[in-house]
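# Coordinates in review
Each chain, written out:
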Amino acid sequence: MPGIAIVGYGYWGPKLVRNFLQNGSFSPVVIVEEHPDRLARGLRENPGAQGLASFAEALKRPDLAAVALATPVATHHPLAKAALLAGKHV
């Protein structure tokens, strides 16, 4: 089963994490959030999710086949490009 990283746990991140966990088609479901308080909240609110503070670390993980971006729009191009170059689905 492919894993997915949800990058950002602000407004859209919690909704995406919940949907991917409930869908059951992805394992693991990983929250990537650089703000420690948001990451802690995401892990508390979503039992079963994993957490990372580094996008670069998520890109190195072979068990993560896809990335969902829930960051400000201005960051989408560089993050999506990095994910695609790392062989991830976006």
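Chains are numbered independently. Their residues run from 1 in the order of the written sequence. Owing to the predicted nature of the model, reporting of local features is limited to residues with pLDDT of at least 70; listing and counting of side-chain atom pairs is limited to 80 or more, with chain, interface and lining totals taken over all residues. Only heavy atoms go into the side-chain values, all of them from the structure, while hydrogens and water stay out.

Before going further, it helps to spend a moment on the packing of aromatic side chains. Here a Phe, Tyr or Trp ring, Trp counted by its six-membered ring, pairs with any other such ring whose centre lies within 6.5 Å, and the pair is stacked when the planes are under 30 degrees apart, edge-to-face when over 60, and tilted otherwise. Within the structure shown, the criterion is met by 2 aromatic pairs. Geometrically, the ring pair formed by Tyr 11 and Trp 12 is edge-to-face, given 5.2 Å between the ring centres and 90° between the ring planes. With 5.1 Å between their ring centres and 85° between their planes, Phe 20 and Phe 26 make a pair best called edge-to-face. Looking at Lys 15, its charged tip hangs above the ring of Tyr 11, at a distance of 4.0 Å from the centre. Over the ring of Trp 12 we find Lys 15; its NZ or CZ atom is 5.8 Å from the centre of that ring. Comment: the charge-over-ring label is applied if NZ (Lys) or CZ (Arg) is within 6 Å of the ring centre and within 35 degrees of the ring normal.

The next point concerns the pattern of salt bridges. Only one rule defines a salt bridge in this text: a Lys or Arg side-chain nitrogen within 4 Å of an Asp or Glu carboxyl oxygen. Taken as a whole and judged by the stated rule, the model has 3 salt bridges. A salt bridge links Glu 57 to Lys 60, with the nearest nitrogen and oxygen atoms 3.4 Å apart. Of the two residues, Glu 57 and Lys 60 both sit in helix α3 (residues 55-60), 3 residues apart, roughly one turn of that helix. Classification of residues uses two cut-offs on accessible area relative to the type maximum, computed with a 1.4 Å probe and protein chains only: under 20% is buried, over 50% is exposed, and between them is partly exposed. The exposure class assigned to Glu 57 is partly exposed, which follows from its relative accessible area of 39%. With its nearest N and O atoms 2.7 Å apart, the salt bridge here joins Arg 61 to Asp 63. Secondary structure follows DSSP: runs of H or I at least 4 residues long count as helices, runs of E at least 2 residues long count as strands, and numbering of each begins at the N terminus.

Regarding helix α1 (residues 13-23), the residues found buried are Gly 13, Pro 14, Val 17 and Phe 20. Projection of α1 onto a plane perpendicular to its axis shows the buried side chains occupying an angular sector of 135°, all on one side. Taken together, the buried residues of α1 touch β1 (3-7), β2 (29-32), α2 (36-45) and β4 (64-69). In the segment just after α1, Gly 24 is the residue with positive phi, at about 75°. Summarising the geometry, the arc corresponds to the directions from the helix axis toward the C-beta atoms. Whether two residues are in contact is decided by their heavy atoms: any pair within 4.5 Å suffices.

Quick look at unusual backbone geometry now. Following Ser 27, the chain continues into Pro 28 via a peptide bond in cis, with omega recorded as 0°. If you trace the backbone, Pro 28 turns up in the loop between α1 and β2.

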